Amino acid sequence: NPATGDLGGEAICKEKMVASCSRNGKWELVEQYGRLSIDSVLPLFTFIGRLTAQKGVDVLLRAVSLLQAEKEKKEFQLLILGSGEPELEQQLQALTELEAVAGRICFLKGYDPALANKIYAAGDFFLIPSLYEPCGLTDYIAQLLGNLPIVHHVGGLVKVLDGKTGFAYTEHSPAALAEAMQRALALYSADPEKLKAMQQAAVQRIHRHHSWQQ
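Keep in mind that what you see is a predicted model, and the values were worked out from it rather than measured. (Residues numbered from 1 in each chain as written. Predicted model: local features only at pLDDT ≥ 70, side-chain atom pairs only at ≥ 80, totals over all residues. Heavy atoms only, no water.)

At their nearest, the axes of helix α2 (residues 57-69) and helix α3 (residues 86-96) sit 10 Å apart, and the two run at 20 degrees to each other. When the axes of α2 and α3 are compared, the pair comes out roughly parallel. Note that α2 runs across α3; the crossing there is left-handed. Every residue of α3 that contacts α2 at Val57, Asp58, Leu61 and Val64 is listed here: Leu88, Gln91, Leu92 and Leu95. Across the contact of α2 with α3, the residue classes break down as six nonpolar, one polar and one charged. (Axes fitted to C-alpha atoms, helices over the stretch in contact; angles between N-to-C directions. Helix = DSSP H or I, 4+ residues; strand = E, 2+ residues; numbered from the N terminus. Parallel < 35°, antiparallel > 145°, perpendicular 65-115°, else oblique. Left-handed = near helix turned anticlockwise from the far one by under 90°. Contact = heavy atoms within 4.5 Å. Nonpolar A, V, L, I, M, F, W, Y, C, P; charged D, E, K, R; others polar.)

Structure representation (structure tokens):
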């Protein structure tokens, strides 16, 4: 229950999801490329959605490359669920094969609603680098499960408050996304209590401003 600061369940979900992706598992509805190391202490970035330029997957791929090129890079894991443009699927598959990211990036190609829920519940940060987004529901789902969104501050995603209920950036570029991810990583390692406060605030804001009654 992130609204009360109880994140014990999220820790269990993360541990189980990372363990499931640590081996080349046989999934019913998705194909696995790459894997995650069994290390639930590392921050886990997540992405669920169509693999298209509109969803910013091209920007995400380049942002990950920028983070990997940092001299003093912070370690993290990335779990992606989705399918879409063949070229982006191929680029993701190729990314998971690089020795530099071995055990750090897992791509689950396809879609499975039950698996998606588990990923929402397991992640520390949920990436929404969309070029445009008329409404945006995935940020709500992620927030309700303690998974703080990192969003391109456009369209329906402007309801994510930077530094309060998630992380936001305004320029649709790999550098801007990478910088927002770096801020999330810094907070994860330096101030877990602030992170917990943001998780609580995100859920509380949904109940106050975005319920059916409101």
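Turning our attention to empty space enclosed by the protein. Taking a probe equal in size to a water molecule and rolling it over the atoms shows the remaining empty space. Evaluated as defined, the whole model comprises one cavity of 30 Å³ or more. By volume, the largest cavity amounts to about 50 Å³. What lines the largest cavity is simply Tyr140, Gln143, Lys159, Val160, Thr165, Ala202, Arg205, Ile206 and His210. Secondary structure elements with two or more residues in the lining of the largest cavity: α5 (138-144) and α7 (192-209). No other element matches the three residues that α7 contributes to the lining of the largest cavity. Of the residues in the lining of the largest cavity, the class split is four nonpolar, three polar and two charged. (1 Å grid on protein atoms, 1.4 Å probe; cavity = no way out; pocket = protein on both sides within 12 Å on 5 of 7 lines; lining within 4 Å. Points joined across faces, edges and corners; volume = space filled by probe spheres on them.)

In this section: the sheet that holds strand β6 (residues 148-152). Ordered in space as β1-β4-β3-β2-β5-β6-β7, the seven strands form an open sheet in which the pairing is mixed. Since the sheet does not close on itself, it has two edges, and those belong to β1 (30-34) and β7 (167-169), each with one partner. The mean angle between the axes of side-by-side strands here comes to 20 degrees, regardless of whether they run parallel or antiparallel. In terms of strand pairing, strand β2 (residues 44-48) meets strand β3 (residues 77-82) through five bridges, oriented parallel. Looking across to β3, one finds that Phe45 is bridged to Leu78. (Pairing = 2+ DSSP bridges.)

We now examine the side chain of Glu89. Here Glu89 shows up in helix α3. Engagement of the side chain of Glu89 in a polar contact is seen with the side chain of Lys109, the distance being 3.4 Å. If sequence neighbours within four positions are ignored, Glu89 has contacts with Leu51, Ser83, Gly84, Phe107 and Lys109. (Polar contact = N/O pair within 3.5 Å; in protein donor to acceptor, adjacent residues only side chain to side chain.)

The next subject is the packing of aromatic side chains. One pass over the full model with this rule turns up six aromatic pairs. On the numbers, 5.8 Å between centres and 25 degrees between planes, the contact of Tyr33 with Phe107 is stacked. Residue Tyr33 is located in strand β1, and its partner Phe107 is located in strand β4 (residues 105-110); the two are separated by 74 residues in the primary sequence. Considered together, Tyr33 and Phe107 belong to a single accessibility category, that of buried residues. Measuring from ring centre to ring centre gives 5.9 Å for Phe125 and Phe167, while their planes differ by 75 degrees; the resulting arrangement is edge-to-face. Within this pair, whereas Phe125 is found in strand β5 (residues 125-128), its partner Phe167 is found in strand β7, the two being separated by 42 residues in sequence. (Phe/Tyr/Trp six-rings, centres within 6.5 Å; stacked < 30°, edge-to-face > 60°. Buried < 20%, exposed > 50% of the residue type's maximum accessible area, 1.4 Å probe, protein only.)

Estimated volume of the largest pocket: approximately 300 Å³. Along the walls of the largest pocket sit 17 residues, with Ile48, Gly49, Arg50, Lys55 and Thr138 positioned nearest its centre. Among the secondary structure elements, those contributing two or more residues to the lining of the largest pocket are β2, α4 (113-122) and β5. Of the residues contributing to the lining of the largest pocket, the split by class is eight nonpolar, six polar and three charged.

On to the pattern of salt bridges. What the rule picks out here adds up to eight salt bridges. Ionic pairing is found between Lys14 and Asp124, a salt bridge with its closest N-O pair at 2.6 Å. With Lys14 in helix α1 (residues 8-20) and Asp124 in the loop between α4 and β5, the pair connects residues that are 110 residues apart, well separated along the chain. Across this residue pair, the class does not change: Lys14 and Asp124 are buried. Note that Arg183 and Asp162 form a salt bridge whose closest N and O atoms lie 3.1 Å from each other. Here the residue Arg183 occupies a position in helix α6 (residues 174-190), and Asp162 occupies one in the loop between β6 and β7, the gap between them amounting to 21 residues. Classification of Asp162 by relative accessible area gives partly exposed; the value is 38%. (Salt bridge = Lys/Arg side-chain N within 4 Å of Asp/Glu carboxyl O.)

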